[in-house]
Amino acid sequence: MSIIKMENISYTYDKKKNIISNLSYEFEKGLVYSIVGKSSAGKTTLLSMLSGLAKPTNGEIFYNDLSLSKINQFDYRSKYVGVIFQSYNLLPHLTAEENVILSMDISGKKIENKKQVALELLKSVGLNEDIAKRKILKLSGGEQQRVAIARTLSFDPDVILADEPTGNLDQDTENAIMNIFIDLAKQKNKCVILVTHSPKVASMSDVKYELKKSDIQ
Ligand SMILES: Nc1ncnc2c1ncn2[C@@H]1O[C@H](COP(=O)(O)OP(=O)(O)O)[C@@H](O)[C@H]1O
Ligand SMILES: [Mg+2]
């Protein structure tokens, strides 16, 4: 059964520019999906809709068969769906550990011993305690991306959405980050949806959805 289902989705900015037309995709747990397409094809727009930040102009999106329009948006984004933005959106003057703990606080989920859990999550994405105590400003791009993933995992969402998660990373780091996403799908049964223009990321995914020119007006 699919965890997220898009039914005949269209999106129009300012009532004139039809970015996405009549798109129907389904997403299941345990799989890594990549959404590919040229620049300006509407990938980020699509991700915004899947994360509940933007409402489709037409059509409906379902999470576990429940329309997103009927789910509390705060709950959706802080409990069920983790979003990793292109710019990471980490707080630069806080440490990696503090960024993860902050996200736990915001989600409102009851988590015992947050500090310990934060360190374990950071360790699971390959960051040791020394790095965990460092401010974001003092981390490399690849390390920041790992923190962004750990932060998203802090509230154990079913779905992980990421916008160009390897966009600024070298090939080796891209592979390492992709392996984290693949593990999350295969070991933790997460549904991982990646927006990317990297053919490598697409080839490492289970399913590839391509936003084609014909989808754009
Ligand atoms: N807030 C907005 N208002 C109007 N047009 C927008 C807005 N955001 C994006 N667009 C336009 O929508 C198109 C798709 O953008 P986007 O979803 O960011 O594409 P991608 O992520 O595939 O590069 C682009 O032509 C972009 O200029
Ligand atoms: Mg984009």
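Residues numbered from 1 in each chain as written. Chains lettered and ligands numbered in written order. Predicted model: local features only at pLDDT ≥ 70, side-chain atom pairs only at ≥ 80, totals over all residues. Heavy atoms only, no water.

Scanning the protein chain from N- to C-terminus turns up eight helices and 10 strands. Against the 2.2 N^0.38 benchmark of 17 Å for 217 residues, the protein chain shows a C-alpha radius of gyration of 17 Å, consistent with a compact globule. Dimensions of the protein chain along its principal axes, counting C-alpha atoms only, are 50 × 35 × 35 Å. Within the protein chain, residue pairs in contact and separated by at least 24 positions form 72% of the contacts whose partners lie at least 6 positions apart. Summed over all atoms, the accessible surface of the protein chain reaches about 10,700 Å², with 48% contributed by carbon and sulfur. Across the protein chain, the mean location of the 29 positive side-chain charges is 4 Å away from that of the 26 negative side-chain charges. (Helix = DSSP H or I, 4+ residues; strand = E, 2+ residues; numbered from the N terminus. Rg over C-alpha atoms; globule rule 2.2 N^0.38 Å. Contact = heavy atoms within 4.5 Å. Areas by Shrake-Rupley, 256 points an atom, 1.4 Å probe, with all protein chains shown as cover. Lys, Arg positive; Asp, Glu negative; His and termini not counted. Charge placed at Lys NZ, Arg CZ, Asp CG, Glu CD.)

What follows is about a nonpolar patch on the surface. On the surface, a nonpolar cluster with roughly 360 Å² of combined accessible area is contributed by Phe 74, Leu 91, Leu 102 and Ile 106. Tracing the chain through its elements places Leu 91 in the loop between β7 (81–84) and α3 (96–107). (Patch = residues over 30% accessible without salt bridge, like charges linked within 9 Å, V, L, I, M, F, W, Y side chains within 5 Å. Salt bridge = Lys/Arg side-chain N within 4 Å of Asp/Glu carboxyl O.)

The geometry of an aromatic ring pair is captured by two quantities: the separation of the ring centres and the angle between the planes. For the structure shown, the criterion picks out eight aromatic pairs. When the ring of Phe 27 is compared with that of Tyr 33, the centres are 4.9 Å apart and the planes differ by 75 degrees; the resulting orientation is edge-to-face. For the residue pair Phe 27 and Tyr 33, the accessibility class agrees, reading buried in each case. Aromatic pair Phe 27 and Tyr 209: ring centres 5.5 Å apart, planes at 90 degrees, arrangement edge-to-face. Of this pair, Phe 27 sits in strand β3 (residues 26–27) while Tyr 209 is found in strand β10 (residues 207–210), placing the two residues 182 residues apart along the sequence. We classify Phe 27 as buried; its relative accessible area is 0%. Residue class for Tyr 209 comes out buried when judged on its relative accessible area of 18%. Joined through ring pairs, the aromatic side chains of Tyr 25, Phe 27, Tyr 33 and Tyr 209 make up one cluster. (Phe/Tyr/Trp six-rings, centres within 6.5 Å; stacked < 30°, edge-to-face > 60°. Buried < 20%, exposed > 50% of the residue type's maximum accessible area, 1.4 Å probe, protein only.)

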